[in-house]
Amino acid sequence: MQAADVMTPNVITVTPESDVGEIASLLLEHGISAVPVVDADDRVLGIVSEGDLMSRIEPEEDERRSWWLKLFSGGGDAVDYVKTHGRKAGQIMTPNPLTVGEDEPLHHIASLLEKRRIKRVPVVRDGKLVGIVSRSNLLRGFSVARQPAGGDDDRAIRDAILKEVDENTGVMVDRLNVIVADGKVQLWGLVESKEQRWAVQVAAENIDGVKEIENNLGFVPRGVGGYA
C-alpha cells in the first residue's frame, strides 16, 4: 500500500499570515494536532503543531536558562523569542518539513516518521499538498496490508466514497479515514451523530466495487469540536 491509499485528503491548512490564536482554534475545532502552512499555490512551507503552540507558554522564572547558557547560545535567544512570541504562522512554524509523494510505500513512510521523530508527513503531487499521513493512518493501513490488494480499483473506490461523503452527507471528510483492500472497506474517524455514522456507511454501500464494510466510526465527545 502507498500514501495515496491511507492519507487524509481535504487537509486543513493555514497561510504564513494566519494568526496564532486562529490556529489554536482550528486544531481544537477539527481535532487535529498540526496544520501545514501553505502558500497561494498550495505548496508546503512549514507545519505548526501543538508543540509549537505549547512552546509559547512562559516557563517559571527558575526554569529560565542561566546567563552562562545564554552566553554560548550563539544568538539562539532571538530564535527562541520569535518562536515563543510570534503572532503569525510563518513566525512559529517548523519550516521546510519533510514531504512524500502519493506513491510512497507505507513501510518507507513509517521509517521516515521513526527516524525524524515526527508524527505526520504531508503528501504532495507536483509540489502541491494533496493529503497528510499520520501514524494512525499508517496503523490502519498496516492492519489490512496482508489482504489482497486491488491497486487502482481500490484507490478509485476510496476516492469515490470520500467524494460521495463530502458532496452529499454533510460529514466533514477531514475527520474520516477510509481504507480499501480488495474491495473491503474500513471506515475510521469520528462523526457527530448516529445519522452521520449511517450516512457514511450508506455512501460506501452505494459505490461500485465495494464488497464488504467494517464501520469503526466513533462519535465526537460532547462539548468538543473535534478529536485528537
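Residues numbered from 1 in each chain as written. Predicted model: local features only at pLDDT ≥ 70, side-chain atom pairs only at ≥ 80, totals over all residues. Heavy atoms only, no water.

S.K.: Can you walk me through the overall build of the chain in this structure?
M.R.: Regarding its fold elements, the chain presents 10 helices and 10 strands. Going through the 228 residues of the chain one by one, you find that 39% of them count as buried. Considering only contacts within the chain whose residues lie at least 6 apart along the sequence, 64% involve residues at least 24 apart. With an accessible surface of roughly 13000 Å², the chain has 51% of that area assigned to carbon and sulfur atoms. (Helix = DSSP H or I, 4+ residues; strand = E, 2+ residues; numbered from the N terminus. Buried < 20%, exposed > 50% of the residue type's maximum accessible area, 1.4 Å probe, protein only. Contact = heavy atoms within 4.5 Å. Areas by Shrake-Rupley, 256 points an atom, 1.4 Å probe, with all protein chains shown as cover.)

S.K.: How should helix H7 (residues 106–116) be read in this particular structure?
M.R.: One turn of an α-helix holds 3.6 residues; hence residues three or four places apart share an orientation. Taken as a whole, H7 has its buried residues at Leu106, Ile109, Leu112 and Leu113. With its buried residues spanning 120 degrees around the axis, H7 presents them on a single face. In H7, those exposed residues whose orientation departs by more than 90 degrees from the buried face are His107, Glu114 and Lys115. The elements touched by buried residues of H7 are helix H1 (3–6), strand S4 (100–101), strand S5 (120–125), strand S6 (128–134) and helix H8 (135–143). Where H7 ends, the next residue or the one after it, arginine 117, has phi of about 55 degrees, a positive value. (Arc of directions from axis to C-beta.)

S.K.: Help me understand the environment of arginine 120, please; the structure alone is not making it clear to me.
M.R.: Relative to the helices and strands, arginine 120 is located in strand S5. Classification of arginine 120 by relative accessible area gives buried; the value is 14%. Sequence spacing of arginine 120 and leucine 138 is 18 residues, and the spatial spacing of their C-alpha atoms is 9.7 Å. Ignoring any residue separated from it by four or fewer positions in sequence, one finds arginine 120 in contact with Ser33, Ala34, Ser49, Leu113, Ile132, Val133 and Ser134.

S.K.: Just checking my understanding: could you explain the sheet that holds strand S2 (residues 44–49) for this structure?
M.R.: Hydrogen bonds along the backbone pair up the strands of a sheet, which may run parallel or antiparallel. Strand order in the open sheet formed by 3 strands is S1-S2-S3, and the pairing between neighbours is antiparallel. Every other strand in the sheet has two partners, leaving strand S1 (34–38) and strand S3 (94–95) as the edge strands with one partner each. Summarising the sheet, S2 and S3 pair through 2 bridges and their orientation is antiparallel. Following the sheet pairing, glycine 46 is matched in S3 by proline 95. (Pairing = 2+ DSSP bridges.)

S.K.: Is there a simple way to think about the side chain of arginine 175 in this case?
M.R.: For arginine 175, the location among the structural elements is in the loop between helix H9 (152–168) and strand S7 (176–181). Only 3.0 Å separates the side chain of arginine 175 from the side chain of glutamate 192, close enough to count as a polar contact. (Polar contact = N/O pair within 3.5 Å; in protein donor to acceptor, adjacent residues only side chain to side chain.)

S.K.: Teacher, can you tell me more about the sheet that holds S6 here?
M.R.: Across the sheet, 3 strands lie side by side as S4-S5-S6; this open sheet has mixed pairing. In this open sheet, the two edge strands, each paired with only one partner strand, are S4 and S6. Bridge count for S4 against S5 is 2 bridges, and the pairing is parallel. In the sheet register, valine 100 faces S5, and the bridge partner there is valine 123. Packing of H7 onto the sheet brings it into contact with S4, S5 and S6, and relative to S5 it is tilted by some 130 degrees. (Axes fitted to C-alpha atoms, helices over the stretch in contact; angles between N-to-C directions.)

S.K.: Help me out: how do you make sense of the side chain of arginine 158 in this one?
M.R.: Tracing the chain through its elements places arginine 158 in helix H9. It turns out arginine 158 is buried and unbridged, and the closest side chain with the opposite charge, aspartate 159, is 4.7 Å from it. Side-chain polar atoms of arginine 158 contact the backbone oxygen of methionine 7, separated by 2.3 Å. Those residues in contact with arginine 158, other than ones at most four positions away along the chain, are Ala4, Asp5, Val6, Met7, Thr8, Pro9, Asn177, Val178 and Val180. (Lys, Arg positive; Asp, Glu negative; His and termini not counted. Salt bridge = Lys/Arg side-chain N within 4 Å of Asp/Glu carboxyl O.)

S.K.: Before we go on, may I ask you to explain the pattern of salt bridges in this structure?
M.R.: Two side chains bearing opposite charge may form a pair once their charged atoms approach each other closely. According to the stated counting rule, one finds 4 salt bridges in the structure shown. In this structure, arginine 155 and aspartate 5 form a salt bridge, with 3.1 Å as the shortest nitrogen-oxygen distance. One end of the pair, arginine 155, is in helix H9; the other, aspartate 5, is in helix H1, and 150 residues separate them in sequence. For aspartate 5, a relative accessible area of 11% puts it in the buried group. Residue arginine 175 is joined to glutamate 192 by a salt bridge in which the shortest nitrogen-to-oxygen separation is 3.0 Å. Of this pair, arginine 175 sits in the loop between H9 and S7 while glutamate 192 sits in the loop between strand S8 (184–191) and helix H10 (194–205); the two residues are 17 residues apart in sequence, bridging distant segments of the chain.

S.K.: What is the right way to read the pairing of S5 from this model?
M.R.: For a regular strand, the rule is simple: side chains alternate between the two faces of the sheet. Judged by how many residues are buried, S5 sits mostly within the fold: 5 of 6 residues are covered. Bridge count between S5 and S6: 6 bridges; the pairing is antiparallel. Paired with arginine 120 across the two strands is serine 134, which belongs to S6.

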